[in-house]
Amino acid sequence: MADVPVDGIGEVADRLFDAIQRGDSAAVEAMWADDVLVWHSGDRRDNDRARALRVIFWFIDHTTQRRYEILDRRIFGDGFVQQHVLHATGTNGNTIAMRVCIVIIVRADGLISRIDEYFDPADMAPLLGDTPE
């Protein structure tokens, strides 16, 4: 399979994180290949597209603000690795600042085919809890 040009991979990365920040779940969904596989820290196996989309839709639906503080991004042959801090405010008023490392593979047609996301699942707890006191 032919590699995506470096500027094309960077553009895919920018569009993906921008869509999540804006809460545009349809744009995220359109960027994922039908056979995309997604793994998160704590998962016992890869998630198929339907399950992975439910997770991202849940996140968008349960947060009122999302912002990525990109610490580093490295592009390689058919993808990129990025370190960032995900800042989000939950619908319950709680906030998170979660350090993440994500590896994303992009097909030659520009669709995302694989995501591996490394973070401490405990960092999501404030979004699951009650409103702050």
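Residue indices begin from 1 for each chain and proceed along its sequence in written order. Local features in a predicted model are, by the rule used here, given only for residues with pLDDT of at least 70; side-chain atom pairs are given and counted only at 80 or more, and totals for whole chains, interfaces and linings are based on all residues. Think of the side-chain values as coming from all heavy atoms in the structure, minus any hydrogens and water.

Under an unreviewed UniProt entry, the name given to the protein is Ketosteroid isomerase, and the source organism is Mycolicibacterium monacense.

So, about the environment of Arg 22. Only runs of H or I of at least four residues qualify as helices and only runs of E of at least two qualify as strands under DSSP, and these elements are numbered from the N terminus. In this fold, Arg 22 is placed in helix H1 (residues 6–22). A C-alpha to C-alpha distance of 9.6 Å links Arg 22 and Thr 64, two positions 42 residues apart in sequence. N or O atoms within 3.5 Å of each other form a polar contact, as long as, within protein, one can give a hydrogen and the other can take it, and as long as residues adjacent in sequence are counted only when both atoms are side-chain atoms. A distance of 2.8 Å separates polar atoms of two side chains, one belonging to Arg 22 and the other to Asp 18.

What makes a salt bridge here is a side-chain nitrogen of Lys or Arg within 4 Å of a carboxyl oxygen of Asp or Glu, nothing more. Per the counting criterion, the structure on display carries 10 salt bridges. Between Asp 18 and Arg 22 there is a salt bridge whose closest N-O contact spans 2.8 Å. With Asp 18 and Arg 22 both in helix H1 and four residues apart, this pair spans about one turn of that helix. Each residue is assigned to one of three classes by its accessible area relative to the maximum for its type, calculated with a 1.4 Å probe on protein chains only: buried under 20%, partly exposed between the two thresholds, exposed over 50%. Given a relative accessible area of 49%, Arg 22 falls into the partly exposed group. A salt bridge links Arg 22 to Asp 24, with the nearest nitrogen and oxygen atoms 3.3 Å apart.

The next thing to look at is the packing of aromatic side chains. Each pair of aromatic rings taken from Phe, Tyr and Trp, with Trp reduced to its six-membered ring, is defined by centres within 6.5 Å and is described as stacked if the planes are under 30 degrees apart, edge-to-face if over 60, and tilted in the remaining cases. Per the counting criterion, the structure on display carries three aromatic pairs. Residues Trp 39 and Tyr 118 carry aromatic rings whose centres are separated by 5.0 Å and whose planes lie at 55° to one another, so their mutual orientation is tilted. With Trp 39 in strand E1 (residues 32–40) and Tyr 118 in strand E5 (residues 112–118), this pair connects stretches of sequence that are 79 residues apart. Residue classification places Tyr 118 among the partly exposed residues on the basis of a relative accessible area of 40%. The rule for a charge over a ring is simple: NZ of Lys or CZ of Arg within 6 Å of the ring centre, and within 35 degrees of the ring normal. Positioned over the ring face of Phe 80 is Arg 73, at 5.7 Å from the centre of the ring.

Pairing between the strands of a sheet comes from backbone hydrogen bonds, and it takes one of two forms, parallel or antiparallel. A pair of strands is treated as paired once DSSP finds two or more bridges between them. With mixed pairing, five strands are arranged side by side in an open sheet as E1-E5-E4-E3-E2. The two strands at the open ends of the sheet, each matched to only one other strand, are E1 and strand E2 (63–76). On average, each strand axis in the sheet is inclined to that of its neighbour by 25°, with strand direction left out of account. Of the pairings in the sheet, the one linking E1 to E5 comprises five bridges and is parallel in character. Opposite Val 38, over in E5, you have Ile 115 as the bridge partner. Contacts are residue-level and defined by heavy atoms, with any inter-residue pair within 4.5 Å sufficient. The axes are straight lines fitted to the C-alpha atoms, using for helices just the contacting stretch, and the angles between their N-to-C directions are given from 0 to 180°. Against the sheet, helix H3 (residues 49–61) contacts E1, E2, strand E3 (79–90) and strand E4 (95–106), and its axis sits at roughly 70° relative to E1.

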